[in-house]
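For reference, the chains in residue letters:
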Amino acid sequence: MTEHAAKPEDAALTHARTYLSLGKPADALRALAPHLASHPDDDRGLCLASQAHLVAGEASRALDAAQHAAALTPENEWAWRLVALSYSKLGHHAEARAAAATAQSIAPQLWVTHAQVAQVDIAAKRITAESQNAAREATRLAPLEPDAHLTVGNVALAQHDWPTAEAAFRSVLRLEPEHAAARNNLSLVMLRQGKAGSAAAGFVDILANDPDSEVAVRNLRAVAAVALRHVHFILWVAFAIVTVAFSSAGQPDESPVYGLAWSEFLGGVALVSGIVVLVYVLRLRRAAGARFGQFIRSVPRLDNLLTAWAALLVADYLLMVAACFTSVHRAQLLYLLAGAVLVAGSVVVILRRNRARVRL
Amino acid sequence: MDEQLISSLRRAVATSPDDIHLRLLLGQLLLKNGDASEAITFAASILQLSPDNVDARQLMNDAFTTPAPAATVPTATVEQLEVERPVPPAANVAPDLDVAQARSEPSAEPDPEPNAESSTQPGTEPSAEPTFDWSAAENDVHELAQPMFVDSEPSKAPGSSFDIERSVVTLADVGGMKSIKDRLNAAFLAPLRNPELRKLYAKSLKGGLLMYGPPGCGKTFIARAIAGELGAHFLSVGLADILDPMLGNSEQNVHEAFQLARREAPCVIFFDEIDALGQRRSQTRNSALRGTVNQLLTELDGVADQNEGVFVLAATNQPWDVDPALRRPGRFDRTVLVLPPDEEARESIFRYHLQHRPVEGIELGALTRASGGLSGADIAYVCEVAAERALIDSATTGELRMITMKDVTDALGEVTPSTSSWLDSARNVVLFGDDDGTYAELKAYLKKAKRL
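An unreviewed UniProt entry lists chain B under the name Cell division control protein 48 CDC48, from Subtercola lobariae. What UniProt records for chain B under Sequence similarities (unreviewed entry) is the sentence "Belongs to the AAA ATPase family."

Chain A goes by Tetratricopeptide repeat protein in an unreviewed UniProt entry, where it is assigned to Subtercola lobariae.

Rendered as structure tokens:
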């Protein structure tokens with residue numbers, strides 16, 4: 001049937017689809033309501049309602065609608081995929097896997113049914129050879145479909161297979177350069193590969209196009225945390241080297257030789273650690289390119305604890321440098337203070353982790 | 001003396017055709033001078049501009065009930081009315097309010113009977129022997145109403161669902177928000193109101209105004225107020241009015257909306273949620289929506305002076321999702337940020353929502369201070385919650401009680417600003433997506449609000 005000859009009841013379904021494409025599930029459900037009232041057994045209407053509930057974050061309602069549709073037309077693979085997705089969202093992974101397998105057996109010629117199997121496994125964090133095969137089959141059936149490649153990438157990401165994941169996400173972006181999920185996941189792969197600068201640039205790009213993306217904000221915070229963790233680690237190492245070097249020294253504090261050695265050693269460690277931090281930051285900058293400035297400026301606005309953490313690390317380094325230019329007694333005091341600041345930084349890290357857990 | 005006064009008033013009305021008071025005064029003088037038919041003309045013209053004007057209704061009533069001198073009733077006109085019967089006159093009699101009603105049923109054949117009844121005062125029995133010549137009166141009004149229908153096209157396109165209205169609110173009805181009013185004046189209203197200055201400075205009227213800001217902060221109300229300020233019709237267009245499942249119909253609906261606005265010029269055409277209708281084409285796979293954006297661009301560009309007298313306004317919560325092509329010069333090139341209401345506006349909103357409720361001891365100043373960051377919709381909800389508390393309490397105790405300050409402050413404690421998530425997104429836009437300074441106004445606000 002052509003769209004010109006669409007029946008009146010199809011109009012409601014088309015409206016609902018359009019609203020869903022606009023990300024307006026409530027409007028989609030409103031458009032569907034009269035249609036479902038007059039056609040309560042229309043599986044297409046029920047599937048669209050299920051999809052709208054899923055977009056609205058109402059997984060149990062989505063499951064009800066999808067199960068109703070699947071009961072009415074058991075051969076409808078769409079209904080089974082929606083059942084799988086709803087169960088997956090509800091955390092019922094075994095039921096989700098069974099429903100996805102049903103959809104796959106009904107329509108093995110459709111790439112989405114295979115992709116659904118892989119996605120259910122990713123959500124269950126149980127990647128098997130079957131999941132990999134399903135993802136590969138999806139791309140074989142639909143080589144030009146970005147979401148099929150995305151599934152392959154997501155399976156590889158779950159397996160920590162960074163090169164395969166990167167290649168898959170790049171395939172998606174070749175087919176659809178604005179694909180938000182692929183851009184996010186590619187940046188995530190970069191971050192996992194230690195390319196924090198590229199990852200930061202990727203997440204900033206996503207936010208420039210989609211400022212509502214909470215995932216990108218969270219990931220950008222993660223990049224900042226990774227960078228600060230590197231700097232924190234370098235400073236801990238510097239502190240540990242100085243502590244180990246002088247904790248066993250037997251010379252009296254008053255000895256001028258001791259004082260000279262202390263100052264020079266501390267100065268040397270501070271210089272080396274400063275250079276290492278600088279090199280790390282320059283590498284970040286080079287990888288992030290033009291987005292580096294935005295990334296740095298955004299950190300204090302995105303997370304207060306990150307700001308506090310960064311401030312503590314800066315304070316620690318300044319204390320170390322100050323200790324090089326003062327008397328031994330005062331220098332040791334500053335050095336101890338620097339150690340306390342490093343500990344405070346670690347406390348901030350723990351606080352951030354706890355806060356993240358509470359948010360989840 | 002009256003003749004002189006009437007002629008000078010006529011000149012004044014010609015100079016200021018929208019001045020209702022002048023028209024009313026002239027109508028009253030004409031009636032006093034025995035020219036009932038012209039008084040009816042003026043009363044009806046006032047009712048076109050201001051359907052609720054009590055004085056105009058009174059004048060119309062007085063003019064109808066004043067027996068017309070035989071010489072002033074043009075019999076030829078009555079005959080003409082008989083000849084023109086194919087178009088039932090009662091359908092044309094109706095002033096604006098009734099026209100809107102008729103527009104809601106475009107396909108229905110005009111039925112003279114109900115309209116004839118509607119001319120009768122409600123609750124009065126139709127007299128068997130009317131003392132007034134209704135045919136002559138109908139004819140008089142028929143003549144004055146003619147300009148509304150001279151193009152012989154219905155003002156509502158067949159099959160479309162647009163309703164045009166006459167806005168009765170002006171910016172004076174918007175409490176507080178002075179900076180927004182100033183910005184609207186500078187960006188939009190001043191050039192419109194001062195054609196000479198506009199010519200002098202060669203200021204183009206091309207282009208529309210995009211209002212953006214958090215939800216529930218009065219963008220739609222301001223759009224109506226702008227229409228009221230301009231004395232223009234108001235045509236509100238939402239996504240549901242445009243979207244049509246049939247191929248090409250959504251584009252056709254966009255065209256129909258503009259055509260209707262052009263026919264009814266001066267007219268403000270207001271696109272609500274333009275981010276949905278004019279979504280970035282790169283973001284949508286929906287071909288119908290892409291076509292709609294293209295059609296919108298075509299209509300906005302217009303041809304020659306096609307859009308003369310059509311003022312295009314749009315509102316969105318997410319200007320960053322609007323197709324960049326829509327923001328180019330000559331389209332929605334002027335933007336106004338509509339922020340959560342300031343103190344003065346909040347006080348007005350509280351007053352508005354509480355004034356018709358049984359309240360006692362309400363300290364508006366304290367409420368205003370405690371409600372910073374709330375949107376107008378949030379404040380309305382606070383008042384609802386407070387009323388609900390008093391209602392439930394009254395129902396439980398069986399004793400009616402007033403809404404007290406405590407009810408409202410407790411309700412305030414329950415309601416969190418709905419603008420927060422919008423402000424978070426806005427912060428991200430300023431941080432990451434404002435390379436060209438488009439959101440400088442927003443950035444300044446976020447800095448002031450310590451959100452940046």
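And the narrative resumes.
### Observations regarding the UniProt feature "transmembrane region" (unreviewed entry) in chain A
Residues and elements named next belong to chain A. When the UniProt feature table is mapped to this numbering, "transmembrane region" (unreviewed entry) covers residues 231-249, 261-284, 305-328 and 334-351. Helix makes up 100% of residues 261-284 and strand 0%, and the two end C-alpha atoms of the span are 34 Å apart. Along residues 334-351 the backbone is 100% helical and 0% strand, and the end-to-end C-alpha distance reaches 25 Å.

### A closer look at the sheet that holds strand S1 (residues 164-166) of chain B
Residues and elements named next belong to chain B. Strand order in the open sheet formed by six strands is S1-S3-S4-S5-S2-S6, with mixed pairing between adjacent strands. Across the chains shown, the open sheet's two edge strands, defined by having one partner strand only, are S1 and strand S6 (334-337). Shown here is a sheet whose adjacent strand axes are inclined to one another by a mean of 25°, direction ignored. Sheet topology places strand S4 (residues 267-271) next to strand S5 (residues 310-316); five bridges connect them, and they run parallel. Residue pairing across strands places phenylalanine 271 opposite alanine 314, the latter belonging to S5. The strands that helix H10 (residues 178-193) touches are strand S2 (209-212) and S6; relative to S6, the one it contacts most, it runs at about 175°.

### As for the nonpolar core
Core analysis: the largest hydrophobic core is formed by 184 residues, its most contacted members being B:Leu235, B:Val268 and B:Ile269. The element contributing the most residues to this core is helix H13 (residues 214-247) of chain A, with 14 residues. Excluding anything up to four places from it in sequence, B:Ile269 contacts B:Leu235, B:Val237, B:Ala257, B:Phe258, B:Ala261, B:Val310 and B:Val312. Among the nonpolar cores identified, the runner-up in size contains 14 residues, and B:Leu31, B:Phe42, B:Ala43 and B:Leu59 belong to it.

### What to know about the environment of A:Glu75
Relative to the helices and strands, A:Glu75 is located in the loop between helix H4 (59-72) and helix H5 (77-90). The sequence separation of A:Glu75 and A:Ile106 amounts to 31 residues, and the corresponding C-alpha distance is 6.4 Å.

### Structural notes on the environment of B:Phe432
Of note, B:Phe432 is situated in helix H21 (residues 420-432). Classification of B:Phe432 as buried rests on a count of 25 C-beta atoms within 10 Å. Apart from the residues lying within four places of it in its own chain, the contact partners of B:Phe432 are A:Val204, A:Leu207, A:Ala208, A:Pro211, A:Gln294 and A:Ser298.

Reading the values: the criteria
- Residues numbered from 1 in each chain as written.
- Chains lettered and ligands numbered in written order.
- Predicted model: local features only at pLDDT ≥ 70, side-chain atom pairs only at ≥ 80, totals over all residues.
- UniProt positions renumbered as here; feature names shortened; annotations may be inferred.
- Helix = DSSP H or I, 4+ residues; strand = E, 2+ residues; numbered from the N terminus.
- Pairing = 2+ DSSP bridges.
- Axes fitted to C-alpha atoms, helices over the stretch in contact; angles between N-to-C directions.
- Contact = placed C-beta atoms within 7 Å.
- Core = buried A, V, L, I, M, F, W, Y, C linked by C-beta atoms within 7 Å.
- Buried ≥ 20, exposed ≤ 12 C-beta atoms within 10 Å, placed from the backbone.

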